[in-house]
Amino acid sequence: MGLINGVIFALTMGVIGVIWFGTPILGVVIGVAMVVNLVVAGLAGIIIPVTLERMDIDPALASGAFVTTVTDVVGFFAFLGLAAVMLL
């Protein structure tokens, strides 16, 4: 599901990025970073609560902070890392 959402949103935001900034490679960077971020968010949303459940920690209370942190960190590094590799 993360891959499907990632591709749909990546295409949308990639096209908007190309129109807004006039640089096609920036649209590609935005699109790829969104796919990576949403796939990792989907995986983290599955793996973290299951892991917490096995550790006898209530996943409903604890997983929100972990999933948000993982998603933010991966999104930050995916976008900036891809931008550094592809645009510099």
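Structure: see above.
Residues numbered from 1 in each chain as written. Predicted model: local features only at pLDDT ≥ 70, side-chain atom pairs only at ≥ 80, totals over all residues. Heavy atoms only, no water.

Turning next to the overall build of the protein chain. What the protein chain contains, in helices and strands, is three helices and zero strands. Starting at the N terminus, the α and β elements of the protein chain follow one another as α-α-α. Its C-alpha radius of gyration of 15 Å places the protein chain more than 25% over the 12 Å reference for a compact globule of 88 residues. Projected onto its principal axes, the C-alpha positions of the protein chain cover 50 × 25 × 15 Å. Residue burial in the protein chain is summarised as follows: out of 88 residues, 28% are buried. A total of about 5800 Å² of accessible surface is found on the protein chain, and carbon and sulfur atoms cover 79% of it. (Helix = DSSP H or I, 4+ residues; strand = E, 2+ residues; numbered from the N terminus. Rg over C-alpha atoms; globule rule 2.2 N^0.38 Å. Buried < 20%, exposed > 50% of the residue type's maximum accessible area, 1.4 Å probe, protein only. Areas by Shrake-Rupley, 256 points an atom, 1.4 Å probe, with all protein chains shown as cover.)

What follows concerns the nonpolar core. In terms of nonpolar packing, the biggest core is built from five residues, these being A44, I48, L52, A62 and V67. The greatest single-element share of this core, amounting to three residues, is contributed by helix α2 (residues 24-54). Setting aside residues up to four positions removed in sequence, I48 forms contacts with S63, F66, V67 and V70. (Core = buried A, V, L, I, M, F, W, Y, C linked by side-chain atoms within 4.5 Å. Contact = heavy atoms within 4.5 Å.)

With that settled, consider unusual backbone geometry. A positive phi angle, close to 60 degrees, is found at D56, a residue other than glycine. Within the secondary structure layout, D56 lies in the loop between α2 and α3 (59-87). Overall, D56 belongs to the exposed group, its relative accessible area being 74%.

Taken as a whole and assessed by the stated rule, the structure comprises two aromatic pairs. Aromatic pair W20 and F21: ring centres 6.1 Å apart, planes at 25 degrees, arrangement stacked. In this pair, the class of W20 matches that of F21, namely exposed. Seen from their ring centres, F76 and F77 are 5.2 Å apart, and the 80 degrees between their planes marks the pair as edge-to-face. Overall, the relative accessible area of 49% leaves F76 in the partly exposed class. (Phe/Tyr/Trp six-rings, centres within 6.5 Å; stacked < 30°, edge-to-face > 60°.)

Another point: a nonpolar patch on the surface. Together, I25, V28, V32, V36, V85, M86 and L87 line one region of the surface with nonpolar side chains, adding up to about 520 Å² of accessible area. Every element with two or more residues in the nonpolar patch is listed here: α2 and α3. The biggest single contributor to the nonpolar patch is α2, with four residues. The residue L87 is located in helix α3 in this model. On the accessibility criterion, L87 (38% relative accessible area) is partly exposed. (Patch = residues over 30% accessible without salt bridge, like charges linked within 9 Å, V, L, I, M, F, W, Y side chains within 5 Å. Salt bridge = Lys/Arg side-chain N within 4 Å of Asp/Glu carboxyl O.)

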